[in-house]
Amino acid sequence: TETNHYAEQFLAHEKEKILTLKRSRFHKWVLTTPNEIRVYLGLLMLMGIIQKLSLRMYFSRKHILETPFFPNVMSEERFALLNKFLHFVDNSDKEIAKRDPKLYKILPISEHLKNNFQKVYILSKEKGRLSWKQYIPLKASWFGIKMLE
């Protein structure tokens, strides 16, 4: 995967710094797999549902803060490493950057999701009518939708 490629580039470039730090988490980097990336992305989605104040709280073993699913699936250190090295596009590939300069870092994922969503979700031909209306006597048009801001 591109994540492995980027991690190897980073570690080769920062090798001297990393070697001087004995307790660096980068020493523990091992190649990732597509399945592990899926688990990582699943944890990110779950973090949108189970909201906590910091990343550490998801992996906490303290009884009052504990969310046992997270540390059982992936260690906090591994999650942080994947967070650091996650890449979908080779940085040296200028062709992708020209196609969509704003989204080029996530373009393969964006296109994949768009294609899959288009297969599953089919727009229906609606008349633009709602199944409910609200009576608003002070407006020129008595029936409509009340917008709250």
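Residues numbered from 1 in each chain as written. Predicted model: local features only at pLDDT ≥ 70, side-chain atom pairs only at ≥ 80, totals over all residues. Heavy atoms only, no water.

**A short note on the overall build of the protein**
- The helix and strand inventory of the protein stands at eight helices and two strands.
- Listing each helix as α and each strand as β along the protein from the N terminus yields α-α-α-α-α-α-α-α-β-β.
- Here the contacts in the protein between residues at least 6 apart in sequence split such that 46% fall between residues at least 24 apart.
- For the protein, the computed accessible surface area is about 12300 Å², with 59% contributed by carbon and sulfur atoms. (Helix = DSSP H or I, 4+ residues; strand = E, 2+ residues; numbered from the N terminus. Contact = heavy atoms within 4.5 Å. Areas by Shrake-Rupley, 256 points an atom, 1.4 Å probe, with all protein chains shown as cover.)

**Let's talk about the packing of aromatic side chains**
- Taken as a whole, this structure holds 10 aromatic pairs when the rule is applied.
- Relative to Phe70, the ring of Phe59 has its centre 6.0 Å away and its plane inclined at 75 degrees; by these criteria the two rings are edge-to-face. Of this pair, Phe59 sits in the loop between α4 (55–58) and α5 (69–73) while Phe70 sits in helix α5, and the two are 11 residues apart along the sequence.
- Residue class for Phe59 comes out buried when judged on its relative accessible area of 6%. (Phe/Tyr/Trp six-rings, centres within 6.5 Å; stacked < 30°, edge-to-face > 60°. Buried < 20%, exposed > 50% of the residue type's maximum accessible area, 1.4 Å probe, protein only.)

**Looking at the environment of Tyr6**
- Mapping Tyr6 onto the fold places it in helix α1 (residues 2–13).
- Along the backbone, Tyr6 and Lys84 are 78 residues apart, and their C-alpha atoms lie at a distance of 9.8 Å.
- When near neighbours in sequence (up to four residues on either side) are disregarded, Tyr6 contacts Lys84, Phe85, His87 and Asn91.

**Digging into the pattern of salt bridges**
- Enumeration according to the criterion identifies three salt bridges in this entry.
- Residues Arg78 and Glu36 are paired through a salt bridge, measuring 2.7 Å at the closest nitrogen-oxygen approach. Of this pair, Arg78 sits in helix α6 (residues 76–85) while Glu36 sits in helix α3 (residues 34–49), and the two are 42 residues apart along the sequence.
- Ionic pairing is found between Glu76 and Arg56, a salt bridge with its closest N-O pair at 3.3 Å. A residue pair is termed long-range when its members are at least 10 positions apart, and Glu76 in helix α6 and Arg56 in helix α4 qualify at 20 residues.
- Judged by its relative accessible area of 28%, Glu76 falls in the partly exposed class.
- Look at Arg56 and you get exposed, because its relative accessible area is 62%. (Salt bridge = Lys/Arg side-chain N within 4 Å of Asp/Glu carboxyl O.)

**A word on α1**
- For α1, spanning 12 residues, the distance from its first C-alpha to its last is 16 Å, which sits close to the expected 16 Å at 1.5 Å a residue.
- What α1 keeps buried is the set Glu2, Thr3, Asn4, Tyr6, Ala7, Phe10 and Leu11. (Expected span 1.5 Å × (residues − 1).)

**Here's the deal with the packing of α3 against α6**
- Following both chains from N to C, one finds α3 and α6 inclined at 100 degrees, their axes separated by 11 Å at the closest point. When the interaxial angle is binned, α3 and α6 end up roughly perpendicular. Of α6, the residues touching α3 (which contributes Glu36, Ile37, Tyr40, Leu43, Leu44 and Met47) are Arg78, Phe79, Leu82 and Asn83. (Axes fitted to C-alpha atoms, helices over the stretch in contact; angles between N-to-C directions. Parallel < 35°, antiparallel > 145°, perpendicular 65-115°, else oblique.)

**A short note on the nonpolar core**
- The biggest cluster of nonpolar side chains holds 19 residues, and the ones touching the most others in it are Phe10, Leu11, Phe26, Trp29, Phe79 and Phe85.
- Only α1, α3 and α6 provide two or more residues apiece to this core.
- Filtering out sequence-adjacent residues up to four positions away, Leu11 remains in contact with Ile18, Phe26, Trp29 and Phe85. (Core = buried A, V, L, I, M, F, W, Y, C linked by side-chain atoms within 4.5 Å.)

**Focus on a nonpolar patch on the surface**
- On the surface, a nonpolar cluster with roughly 420 Å² of combined accessible area is contributed by Leu103, Ile106, Ile109, Leu113 and Phe117.
- Turning to its location among the elements, Phe117 is positioned in helix α8 (residues 107–120). (Patch = residues over 30% accessible without salt bridge, like charges linked within 9 Å, V, L, I, M, F, W, Y side chains within 5 Å.)

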